[in-house]
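Results of the structural survey
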Amino acid sequence: MNVIKAVGLIGSTIILACAVIASIALGVTDIPLGTVWDSFIHNNGGTEHLIIRTARVPRALIAASVGASLAVAGAVMQVMTRNPIASPSTLGVNSGAAFFVILASGWLGVSGLQATTWVALIGATVSGGIVFFLGSIGRDGMTPVKITLAGAAMAAFFASLTQGLMLSDGRMFDQVLVWLVGSVAGRELPQLQAVWPYMGAGMAIALLLGRHLNALAMGEDVARGLGQRIAHIKLSSAAAVILLAGASVAVAGPIAFVGIIIPHIVRYLVGTDHRWILPYSAVLGAILLVAADLGSRYIAMPKEVPVGVMTAIIGVPFFVYIARKGRRT
Amino acid sequence: MSNHQSIRAGKMSILLERRTIWVGAALAALVAAAMVLSTGMGSQYISPARVLSTIFGQGTPMDEVIILKLRLPRVVIAVLVGASLAVAGAILQGVIRNPLASPDVTGVTEGATFGAVLFIFFFTDTMSIHWMPVAAIAGAFIVSGLLYALAWKNGVSPLRLVLIGIGVSAAVKSVSYMLIIAGPLQLADRSLTFMTGSIYGASWDKDVMTLLPWVAVLLPLTWLQARNVNIQALGDDVARSAGAHVERQRLILLALSVALAGSAVAIGGAIGFIGLMAPHMARKLVGSSFGSVLPVSALLGALLLLAADLIARTAFVPRDVPAGVLTAAIGAPFFMYLLYRNRNRF
């Protein structure tokens, strides 16, 4: 079985590579693959090479990194909260990060990539922390209902405050609106480089946690009985989620639904072993966002739809299906 | 039953506790005071005495313009929108029997907002603004109906309703955002203000006259349904054995709730959490009999929105923050408090 899963993972990675290449070549200006290749080997500084180097490549890489981060964050959250619809967007982590970024850039004058990233991480920590606290009070500990309701309330709260900030400051309106729905367009490579260390750290923590998450998935009592240190696992999981989600929001805005959909698809494909679920989530999440971004260029050509709208359109039917299917919901 | 007062008119009757009458009178006085105070506050302060004399036709021409044309419509709209949202929430909490139910959670606000945003984008040039409540109510009925249908699986569990509500509202929101990003800028600004909820720039003929007929018809209708809500709140089995047509009454009540919230959203935009908070406060004050909860909720809702709008437009000068931001800032912690109170229930 493991051989098949490994082959599948390699196969998905190849699909991801193809998707990234397609994302570089296709768009308002279609560029032949030969030219794409040339632009890396001997760049002549022409228009097409310029488009590739400054627009298309960063965009494809950002979509892939953000998709992978959000999907892994969602997978970790779904085990941690034992809730099938947990994800950075439903539990308010994304909207908290987004609110802090807008507050910091609009009202406090924070600028620069590093500073923005830290602000996003702080926002993710604050709102995630409140949601987890509210979700776990009470006699029965953390129940799916409580944490979902707390997440929905925090998401609504931060979304409303964010819209208020935007409306009260006309200058921000345009710049922020597209970012707020989630978009990977018009970014440059340094923006990705600024968040890569955080994404990388989060990803590394998550992948190392795989075995421990398997124990946690059987329930806290069982995990404790197996000799796992629950508090350590939960804290490291939370750190991974915050690093992954916060960094994603800092570069691409709060993109919804990637974190919900992908872990479900992955569990359907490879079962319940998190040592496989996490890497698969990363690769499939990246494929989904690169593909959604590619699709977003064609829906209203020559205008572009923000990729967050695309993921919502793909994600909502799926989400409704999961919510209906859930056993005790 | 000496501490009750009954009001009868033909076949209709409503039982009121004495306490409700006192609380109601006190709240009504508070609302009136808040209206006068709020009318006076702003970039140019006008004392309550001058406000009153202007309202009764004794003011200077300058005061008349500021008060009668600019500030009073906004204050009246705050009262109407707040009361409608609060009553819509009270009905939902009674009928769905869930303390966390409110128009925001059940897709009503989202649907109404979506209907209104569509109206702003596609019909503002061709149709009168007075049709906007119709668009909003239609949106509210369609989206909440869809939500109810999607959440239906041998009945509707509150959690499934909330969950699917999150999904449906995300879908509706992203389509609205798509319109906003693709459309012309002045419509974008208006739509986004709408989605946050604001009663900025309300006017007599455009806003008050559009909303007033709906409220004037729907609120009394709802009050006459009060005893049906009381019976619904006991649970389906008890209600049925007491001789109630459970399903039919529930449908009428939900329709009233959707219509109230829809027309309020058409004018005020997606002002959140009032429908959640006001009924809870009302029950704290006057107990859970719906004949009492309803008028008290309406007054509390009006008071909440008056206060929120007053703070929103005076505390952040020169910025005029949408009132919906304030109601969310108070409402979300309130929601968490409710969650904490009910922590052993879910």
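Criteria and cut-off values
Residues numbered from 1 in each chain as written. Chains lettered and ligands numbered in written order. Predicted model: local features only at pLDDT ≥ 70, side-chain atom pairs only at ≥ 80, totals over all residues. Heavy atoms only, no water. UniProt positions renumbered as here; feature names shortened; annotations may be inferred. Helix = DSSP H or I, 4+ residues; strand = E, 2+ residues; numbered from the N terminus. Rg over C-alpha atoms; globule rule 2.2 N^0.38 Å. Contact = heavy atoms within 4.5 Å. Areas by Shrake-Rupley, 256 points an atom, 1.4 Å probe, with all protein chains shown as cover. Lys, Arg positive; Asp, Glu negative; His and termini not counted. Charge placed at Lys NZ, Arg CZ, Asp CG, Glu CD. Buried < 20%, exposed > 50% of the residue type's maximum accessible area, 1.4 Å probe, protein only. Phe/Tyr/Trp six-rings, centres within 6.5 Å; stacked < 30°, edge-to-face > 60°. Axes fitted to C-alpha atoms, helices over the stretch in contact; angles between N-to-C directions. Parallel < 35°, antiparallel > 145°, perpendicular 65-115°, else oblique. Left-handed = near helix turned anticlockwise from the far one by under 90°. Salt bridge = Lys/Arg side-chain N within 4 Å of Asp/Glu carboxyl O. Buried area = accessible area lost by both parts, 1.4 Å probe. Expected span 1.5 Å × (residues − 1). Core = buried A, V, L, I, M, F, W, Y, C linked by side-chain atoms within 4.5 Å.

Going by an unreviewed UniProt entry, chain B carries the name Iron complex transport system permease protein and comes from Paenibacillus methanolicus. In its Sequence similarities (unreviewed entry) section, UniProt records this for chain B: "Belongs to the binding-protein-dependent transport system permease family. FecCD subfamily." Per its UniProt entry, chain B bears the Subcellular location (unreviewed entry) comment "Cell membrane".

Chain A appears in an unreviewed UniProt entry as Iron complex transport system permease protein from Paenibacillus methanolicus. According to the UniProt record, the Subcellular location (unreviewed entry) comment for chain A reads "Cell membrane". UniProt's Sequence similarities (unreviewed entry) comment on chain A is quoted here verbatim: "Belongs to the binding-protein-dependent transport system permease family. FecCD subfamily."

Turning our attention to the overall build of chain A. Each helix and strand counted, chain A has 13 helices and 0 strands in total. Ordered by position in the sequence, the α and β elements of chain A form the string α-α-α-α-α-α-α-α-α-α-α-α-α. The C-alpha radius of gyration computed for chain A amounts to 20 Å, which stays within 12% of the reference 20 Å derived for 329 residues, consistent with globular compactness. Dimensions of chain A, computed from C-alpha atoms along their principal axes, come out at roughly 65 × 55 × 35 Å. Taking the intrachain contacts of chain A between residues at least 6 apart in sequence as the baseline, contacts between residues at least 24 apart amount to 74%. As presented, chain A carries roughly 13,100 Å² of accessible surface, and 68% of it is formed by carbon and sulfur atoms. Mean positive and mean negative side-chain charge positions of chain A (21 and 12 charges, respectively) differ by 13 Å.

The next subject is unusual backbone geometry. Of note in the backbone geometry, A:Arg82 takes a positive phi value of approximately 50° without being a glycine. Relative to the helices and strands, A:Arg82 is located in the loop between α3 (47-81) and α4 (93-106). The class for A:Arg82 is partly exposed, based on a relative accessible area of 48%. For B:Phe273, which is not glycine, the phi dihedral falls at a positive 75°. Residue placement: B:Phe273 occurs in the loop between α11 (246-268) and α12 (274-286).

So, on to the packing of aromatic side chains. Residues and elements named next belong to chain A. Summed over all chains, the structure comprises 9 aromatic pairs over all chains. A ring pair is formed by Phe 100 and Phe 158, whose centres lie 6.4 Å apart and whose planes are at 65°; its orientation type is edge-to-face. Of this pair, Phe 100 sits in helix α4 while Phe 158 is found in helix α6 (residues 144-168), placing the two residues 58 residues apart along the sequence. Phe 158 gets classed as buried once you look at its relative accessible area, which sits at 5%. Both rings, one in Phe 257 and one in Phe 319, keep their centres 5.8 Å apart while their planes meet at 80°; by these two values the pair is edge-to-face. Placement of the pair is Phe 257 in the loop between α10 (230-252) and α11 (258-270) and Phe 319 in helix α13 (residues 307-325), with a sequence separation of 62 residues.

Turning our eyes to something else, we now look at the packing of helix α4 (residues 108-122) of chain B against α11(B). Residues and elements named next belong to chain B. Interaxial distance between α4 and α11 falls to 9 Å at its minimum, and their mutual angle equals 45°. Comparing the axis directions of α4 and α11 gives the class oblique. The element α4 and its partner α11 pack so that their crossing is right-handed. Along its contact with α4, which presents Val 108, Thr 109, Ala 112 and Thr 113, the element α11 presents Val 258, Ala 261, Gly 262 and Val 265.

Attention now goes to the pattern of salt bridges. Residues and elements named next belong to chain B. Taken as a whole and assessed by the stated rule, the structure comprises 10 salt bridges over all chains. Asp 63 is the salt-bridge partner of Arg 50, the closest N and O atoms lying 3.0 Å from each other. Separated by 13 residues along the polypeptide, Arg 50 in helix α2 (residues 48-55) and Asp 63 in helix α3 (residues 61-96) bring together distant segments of the chain. When its relative accessible area of 37% is taken as the criterion, Arg 50 is described as partly exposed.

The next thing to look at is the interface of chain A and chain B. Many analyses report the size of an interface as the accessible area lost when the parts associate. Between chain A and chain B, the residue contacts involve 48 residues of the former and 46 residues of the latter. Between chain A and chain B the total buried area reaches about 4,200 Å² when both faces are included, carbon and sulfur atoms providing 76% of it. For the chain A face of the interface with chain B, the top three residues by lost area are A:Leu149, A:Gln163 and A:Arg324, together amounting to 16%. Looking at the side of chain A that touches chain B, the elements with two or more residues in it are α5 (113-136), α6, α7 (170-181) and α13 of chain A. Take the side of chain A that touches chain B: its biggest share by element is 17 residues, from α6(A).

Further remarks concern α10(A). Taking 1.5 Å per residue as the helical rise, α10(A) with its 23 residues ought to reach 33 Å, and the 32 Å between its terminal C-alpha atoms agrees with that figure. Downstream of α10(A) by a residue or two, A:Gly253 has a phi angle that is positive, lying close to 80°.

Turning to the environment of B:Ala264, a few remarks are in order. All names here are of chain B. Turning to its location among the elements, Ala 264 is positioned in helix α11. Given a relative accessible area of 0%, Ala 264 falls into the buried group. In this structure the C-alpha to C-alpha distance between Ala 264 and Arg 18, which are 246 residues apart in sequence, comes to 30 Å. Excluding its chain neighbours within four sequence positions, the residues that come into contact with Ala 264 are Val 81, Ser 84, Leu 85, Leu 211 and Gly 269.

All names here are of chain A. UniProt tags residues 7-28, 60-79, 91-110, 116-135, 147-167, 238-265, 277-295 and 307-323 as "transmembrane region" (unreviewed entry). With 100% helix and 0% strand, the stretch residues 147-167 has end C-alpha atoms that lie 30 Å from each other. A helix fraction of 100% and a strand fraction of 0% characterise residues 277-295, whose end C-alpha atoms lie 26 Å from each other.

Another point: the nonpolar core. Judged by nonpolar contacts, the single largest core of 222 residues is most densely connected at A:Val66 and A:Ile255. Contacts of A:Val66, omitting those with residues within four sequence positions, involve A:Met199, A:Ser248, A:Val251, A:Ala252, A:Ile255 and A:Leu289. Judged by nonpolar contacts, the second largest core, of 5 residues, contains B:Val36, B:Ile46, B:Ile66 and B:Ile67.

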